[in-house]
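# Chain and residue survey
Now for the letters of each chain:
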Amino acid sequence: SVPSDTNVAKSAKTTSSGNETDAMAAKYAVDGDNGTRWSSNFVDDAWLLVDLGKAYTINKVVLNWEGAYGKAYKIQTSTDGKNWTTVKNVTDGKGGEETITFDATKARYVRMQGVERALPYGYSLWEMGVYEATKVETPIFSIPSGTYSKALNVNISSNTKGVEIRYTT
């Protein structure tokens, strides 16, 4: 599956472990405005949780960090908001805009769970986007399968936008 272009976290309900100030509340990480942000309290074990409102099959999260970013953090998912699965454990966060992809998973709740801050401040996100997985259409081969007596070139394509094709012979 490939990620869709639609951010299903935009304007979703959010909660966090704490905010630096009310002007940097969790809701600002999903408001679609790169001029507002969520900033956590100044601890390593801080988190931001997004409630998508219903379950989606997702496979990508995009974090747009302000200067204070996560050096190490986990992207976690849940269907009930109580039991969490780590879908990506990031240990070398670079800041800026980070795109995290993972195997498609069903989730209503998505959490950025901080492990280690890069700076002494809190974690600070301009935006956190969550993207639904799109089913990939069956690849198209330029020649039918079979046995051939000489080498032939085979073209493989897909009608699914953004797909990456990998093959083994």
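These lines cover the structure that appears in this document, whether it is placed above or below. As a convention, each chain's residues are numbered from 1 in the sequence order in which they are written. In view of the model being predicted, local features appear only for residues whose pLDDT reaches at least 70, and side-chain atom pairs are presented and counted only at 80 or more, with totals across whole chains, interfaces and linings using the full set of residues. By convention in this description, side-chain values take in all heavy atoms of the structure and omit both hydrogens and water.

### Considerations on the overall build of the chain
For the chain, the count of helices and strands is zero helices and ten strands. Element order for the chain, N to C, with α for helix and β for strand: β-β-β-β-β-β-β-β-β-β. Radius of gyration here is computed from C-alpha atoms only, and the compact-globule reference equals 2.2 Å multiplied by the residue count raised to the power 0.38. Scaling as 2.2 N^0.38, a compact globule of 169 residues should have a C-alpha radius of gyration of about 15 Å, whereas the chain reaches 19 Å, well beyond that. With respect to the three principal axes, the spread of C-alpha positions in the chain is 70 × 30 × 30 Å. In the chain, buried positions account for 39% of the 169 residues. Labels follow the DSSP assignment, with helices taken as runs of H or I lasting at least four residues and strands as runs of E lasting at least two, numbered in each case from the N terminus. Burial status follows relative accessibility: with a 1.4 Å probe on protein chains alone, a residue under 20% of its type maximum counts as buried, one over 50% as exposed, and anything between as partly exposed.

### Observations concerning the nonpolar core
What is meant by a nonpolar core is a set of buried Ala, Val, Leu, Ile, Met, Phe, Trp, Tyr and Cys residues, joined one to another through side-chain atoms within 4.5 Å. Core analysis: the largest hydrophobic core is formed by 28 residues, its most contacted members being L52, L63, I75, M112 and M128. Only β4 (47-65), β5 (70-78), β7 (97-117) and β8 (124-134) provide two or more residues apiece to this core. Take this core: its biggest share by element is eight residues, from β4. We call two residues in contact whenever any of their non-hydrogen atoms come within 4.5 Å of each other. Excluding residues within four positions of it along the chain, M128 makes contact with N7, A9, A29, V30, L48, V50, V61, V62, L63, V110, R111 and M112.

### Observations regarding the pairing of strand β2 (residues 13-16)
Only one face of β2 is covered, namely the face carrying T14 and S16; the face carrying K13 and T15 is uncovered. As paired strands, β2 and β4 are joined by four bridges and run antiparallel to one another. If you follow T15 over to β4, its bridge partner there is L49. Two strands qualify as a pair provided that DSSP identifies no fewer than 2 bridges between them.

### A look at the pairing of β8
By the criterion of burial, β8 is predominantly enclosed, with eight of the eleven residues buried. Pairing of strand β3 (residues 38-39) with β8 involves two bridges; the strand directions are antiparallel. Counted as the bridge partner of S39 is S124 from β8. Of the strand pairs in this sheet, β4 and β8 are connected by seven bridges, and their pairing is antiparallel. The residue of β8 that forms the bridge with N64 is E127.

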